[in-house]
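Take a look at the letters that make up each chain.
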Amino acid sequence: MNKGVAKKALSGVAAAGAAAMLLTGLAACGQSTAENKKTSDGKPIVTILVQQNTTQIPIGQMTWAKELEKESGAKIEWKVVLDTAWGQQKNAALAAGDLSDLNIRAYHPDDASQNPDAFEDLSKDMDKLPNVEAFFKEQPVAKKFVEVEGHLWVLPSSRGKAFSASGQHMLINKTWLDKLGLKVPTTWKELTKVLEAFKTQDPNGNGKQDEIPMNLRALPTDQLAGWWSPFLFMNSTGLATHFNSGPSGQGIYVKDGKVGNFMTTDEFRQVLNYLASLKKEGLVPNDWVTTDKYDSRNQVGGNTAQVGVVFGWDATAFGTVGSDLYNQYVTIPVPSADGVSADDTVWDASGVSGANEYEDYHMAMSSKAANKDACLKIINLLYSEKYSVQQLYGSTTDGYLEKTGDHSYKVTEKFVEERDAQKTPALEDRLAGWIPDADEFEGDKNLTSIVEADKPYAEQYSHLNGEKDYMPIYVRLSAADQTTYANNNTTIATTAMPLIAKMAQNGADDATWNSLQEQLKSMNLQQNIDLWQKAYDKYVK
Ligand code: MG
């Protein structure tokens, strides 16, 4: 499930062809009328669109889904759409007002607030959704996450408190450190020294100077940062990123309740200069800014590692859990920037905001659904504990998941094998459901891996002053402000990213830095900051 996040992006191209075929069928279906939405024997027909990826079997083939259909008394028509195709398809569906009756991981609250007539406001149906009500009672942040001015057009998912970890970590080759007799670096200066030793002392022992001291992920061109961005070094300066989600990817941050943008700060300039120094010393790949080799450089296979340090998910960046390469890496707290104390150094707030536990777009219902009661019954079943856990880890009937107590479960080897073979018989993190805090799972080695990976950051998380130092996941821009923000960002990214890419490689000299600042001013960066400050003040204070 953790790897699903990474694989999502990678599996895209291969999936596109199959997705196009699926979508042709989908478009042809069109909007059904109430009369033809029953089977010949009188069962209500409910269409459910699910955004899946190629590492999962189609939902209609999952045993728990067949059992859910039977229990619901409805005839369910599943429509699978693959990740890469969905972006375009979504816009077409919204423009036509043609939604499937139910939609899993398809529409965000922001989509709904811009097209409110197309969506059922589920806040009016809560009497038929006691399982959703129980979810919101136990985990109120989940409700805040999707509620837009009292409306509940989309329901969130929770994959459980165990997933309350950042998806961003800093990994170092511990085998290399030990071999060279070096300590885990705690400052940028120490990190540079360690990287120099990695470069020159053949820590992988093959007699060649083939080590990549630090492997960096390329910079995007359409925004400042994405997952595992080198700008995670901002945390070294005391300004927290939130790269799992939200506006942090466009540089928005919060410090002491005040919203700003990284791109205007001295701290950002300091990070650019540090990155440039690493390139100058040959400690990062020369082509890192634009390369597509970040993954392949990590995953060389065998037992001879090539990479010393990366930002990544966990050691599965290098190989499956337990593999030779996986075992060489540990996560470490981010080293402090020059002049910043360890006490002021923080870590990516996705690990404490719930960003990794919750997603905000897991169930939406068409306002035109013909069989409304049947739809609500299905939603309520999906959000039961019984079906939530099976959505996450596969059906109990098939022996993928074993119930070992009232709220305890064992993920079986059978499930793990299917998942490793990329034939996962579950929705995993795409579930339209919620995992109660009382639930315990054993046997998921990937979950254990990410939980362990996050532990070294407890201290740096504690340096965050709660929601005063990051944008909570439930803060939203209004529909009009979203449009303004997005339009400004398009212009900003086009102009700013080439300058930033240049400075990340060559250093933030006065001329380039000042040019960036002037450009940001003229492109309404301040307006974007003000919009998020307004939203933050509305939702948080
Ligand atoms: Mg070597």
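Refer to the structure printed above.
Now for a description of the structure that goes with this document. (Residues numbered from 1 in each chain as written. Predicted model: local features only at pLDDT ≥ 70, side-chain atom pairs only at ≥ 80, totals over all residues. Heavy atoms only, no water.)

### Structural notes on empty space enclosed by the protein
Piece 1. Here the structure, examined in full by the defined rule, presents two cavities of 30 Å³ or more.
Piece 2. If you add up the space inside the largest cavity, you get close to 70 Å³.
Piece 3. Lining the largest cavity are A240, T241, H242, S245, G246, P247, S248, I252, Y253, V254, Y470 and M471. (1 Å grid on protein atoms, 1.4 Å probe; cavity = no way out; pocket = protein on both sides within 12 Å on 5 of 7 lines; lining within 4 Å. Points joined across faces, edges and corners; volume = space filled by probe spheres on them.)

### Description of the pairing of strand β1 (residues 45-52)
Piece 1. Burial analysis of β1 places eight of its eight residues in the buried class, which makes it a mostly covered element.
Piece 2. Because side chains alternate across β1, one face comprises the buried residues I45, T47, L49 and Q51, and the other comprises V46, I48, V50 and Q52, equally buried.
Piece 3. With eight bridges joining them, β1 and strand β2 (residues 75-82) adopt parallel strand pairing. Across the sheet, the residue bridging to Q52 is L82, located in β2.
Piece 4. Crossover β1 to β2 through helix α3 (residues 63-72) is right-handed. (Buried < 20%, exposed > 50% of the residue type's maximum accessible area, 1.4 Å probe, protein only. Helix = DSSP H or I, 4+ residues; strand = E, 2+ residues; numbered from the N terminus. Pairing = 2+ DSSP bridges. Right-handed = clockwise from strand over helix to strand, strands pointing away.)

### Some words on the nonpolar core
Piece 1. One finds M170, M214, F231, F233, F268 and I500 to be the most contacted residues of the largest nonpolar core, which totals 108 residues.
Piece 2. Per-element tally for this core: the top contributor is helix α18 (residues 479-506), with 10 residues.
Piece 3. With 43 residues, the next largest nonpolar core counts W64, I76, A142 and I378 among its residues. (Core = buried A, V, L, I, M, F, W, Y, C linked by side-chain atoms within 4.5 Å.)

### Here we look at the pattern of salt bridges
Piece 1. Inspection of every chain in the model, using the stated rule, returns 21 salt bridges.
Piece 2. Here the salt bridges do not stand alone but share partners, grouping D110, D360 and R476 into one network. (Salt bridge = Lys/Arg side-chain N within 4 Å of Asp/Glu carboxyl O.)

### Considerations on the packing of aromatic side chains
Piece 1. Taken as a whole and assessed by the stated rule, the structure comprises 25 aromatic pairs.
Piece 2. The structure contains a cluster of three or more aromatic residues connected by ring pairs, namely W188, F233, Y274, F311, W347, Y457 and Y461.
Piece 3. Seen from the ring of Y474, K144 lies directly overhead, with NZ or CZ sitting 4.2 Å from the centre.
Piece 4. Here the guanidinium or amino end of K414 rests over the ring plane of Y400, the centre of that ring lying 4.9 Å away. (Phe/Tyr/Trp six-rings, centres within 6.5 Å; stacked < 30°, edge-to-face > 60°. Lys NZ or Arg CZ within 6 Å of the ring centre and 35° of its normal.)

### Quick notes on α3
Piece 1. Buried within α3 we find T63, W64, A65, L68, E69 and S72.
Piece 2. As for α3, its buried residues are in contact with β2, α13 (372-382) and α14 (385-393).
Piece 3. At the exit of α3 stands G73, carrying a positive phi of roughly 75°. (Contact = heavy atoms within 4.5 Å.)

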